[in-house]
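Notes for the structure review
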Amino acid sequence: HIPQDELRRHLVSLCTPKHRILRKGSKGKGISGDADTFTYNADYTSKMTRVKVPMVSMRDATGSSSGSAAASGGNGGEGSAAAAASSRAGLVDGSSAVPITVEEDRRHLLEAAIVRIMKARKMLNHNDLVAEVTRQLSGRFVPPPQFVKKRVESLIEREYLERDEGDRRVYRYMA
């Protein structure tokens, strides 16, 4: 048995413009009611062997708000007891030294730096982007390359960046 809210969220995620795996009968972002119909989109293709579909937020799935579809951050099922215990303590899972609020601020700083750099350069390979981001943010904190990669993936999901078709290690800024 799948809860209604969860089902709506997953259905809307499969209907986003980038992935449109399902076609929705009604117009608009959310699901307006039980009368909405969904059909399989046989025309859907992807260059990727495995497709990562970002989850929309609860309010976008219900259709009550006109906010933008936000990715869930890729936390897909990390509800372990250790994560719950560390979040109660106000700390990030895996790092006992950094509080959640600081981690969130760093995430925003990192994304802003990546977008700023990519907006100026238009195209950049992964290693150059990591080096430039680290150089720009070294006055505040030194982001680990894995953290930069996670934020780049998040920006790709939210369609701020895209990978180059010819070279997967090259990112292109999307305005």
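Quick note: structure is the one above.
Residues numbered from 1 in each chain as written. Predicted model: local features only at pLDDT ≥ 70, side-chain atom pairs only at ≥ 80, totals over all residues. Heavy atoms only, no water.

1. Section: the nonpolar core
Side chains of nonpolar character tend, in soluble globular proteins, to be buried together. By size, the foremost hydrophobic cluster in this structure holds 20 residues, and its most contacted members are Ile114, Met118, Leu129, Val133, Val152 and Leu161. Filtering out sequence-adjacent residues up to four positions away, Leu161 remains in contact with Ile114, Met118, Val152, Leu155, Ile156, Arg172, Tyr173 and Met174. Ranked by size, the runner-up nonpolar core spans six residues in total, among them Val12, Leu22, Ile31 and Val56. (Core = buried A, V, L, I, M, F, W, Y, C linked by side-chain atoms within 4.5 Å. Buried < 20%, exposed > 50% of the residue type's maximum accessible area, 1.4 Å probe, protein only. Contact = heavy atoms within 4.5 Å.)

2. With respect to the packing of helix 4 (residues 100-121) against helix 5 (residues 126-137)
Relative placement of two packed helices is described by the angle separating their axes and the distance separating the axes. The interhelical angle for the contact between helix 4 and helix 5, taken along N-to-C directions, is 120°, at an axis separation of 10 Å. Relative to helix 5, the element helix 4 lies oblique. Remark: the crossing between helix 4 and helix 5 carries right-handed chirality. For the pair helix 4 and helix 5, the contacting residues are Leu109, Leu110, Ala113, Ile114, Arg116, Ile117, Met118 and Arg121 in the first and Leu129, Glu132, Val133, Gln136 and Leu137 in the second. (Axes fitted to C-alpha atoms, helices over the stretch in contact; angles between N-to-C directions. Helix = DSSP H or I, 4+ residues; strand = E, 2+ residues; numbered from the N terminus. Parallel < 35°, antiparallel > 145°, perpendicular 65-115°, else oblique. Left-handed = near helix turned anticlockwise from the far one by under 90°.)

3. Some thoughts on the environment of Gly30
Residue placement: Gly30 occurs in the loop between strand 1 (22-24) and strand 2 (38-40). Given a relative accessible area of 10%, Gly30 falls into the buried group. Counting along the chain gives 19 residues from Gly30 to Leu11, while the straight-line C-alpha distance between them is 9.3 Å.

4. Quick look at unusual backbone geometry
The residue Lys122 is not glycine, and still its phi comes out positive at about 70°. Examined against the element boundaries, Lys122 turns out to sit in the loop between helix 4 and strand 5 (123-125). Relative accessible area serves as the criterion here: at 47%, Lys122 is assigned to the partly exposed category. Positive phi outside glycine occurs at Glu159, with the angle close to 65°. Along the chain, Glu159 falls in the loop between helix 6 (145-157) and strand 6 (161-163).

5. Some thoughts on helix 4
Over its 22 residues, helix 4 runs 31 Å from end to end, which matches the ideal 32 Å to within 8%, given 1.5 Å per residue. All buried positions along helix 4 are accounted for by Glu103, Leu110, Glu111, Ala113, Ile114, Val115, Ile117 and Met118. Positive backbone phi, approximately 70°, marks Lys122, located one or two places after helix 4. (Expected span 1.5 Å × (residues − 1).)

6. Thoughts on the pattern of salt bridges
Scanning all chains against the criterion turns up eleven salt bridges. Ionic pairing is found between Arg121 and Glu132, a salt bridge with its closest N-O pair at 3.6 Å. Note that Arg121 is positioned in helix 4 and Glu132 in helix 5, a separation of eleven residues in sequence. Classification of Arg121 by relative accessible area gives partly exposed; the value is 43%. Overall, the relative accessible area of 14% leaves Glu132 in the buried class. The shortest N-O distance in the salt bridge between Arg169 and Asp167 comes to 3.2 Å. For Arg169, a relative accessible area of 58% gives the class exposed. (Salt bridge = Lys/Arg side-chain N within 4 Å of Asp/Glu carboxyl O.)

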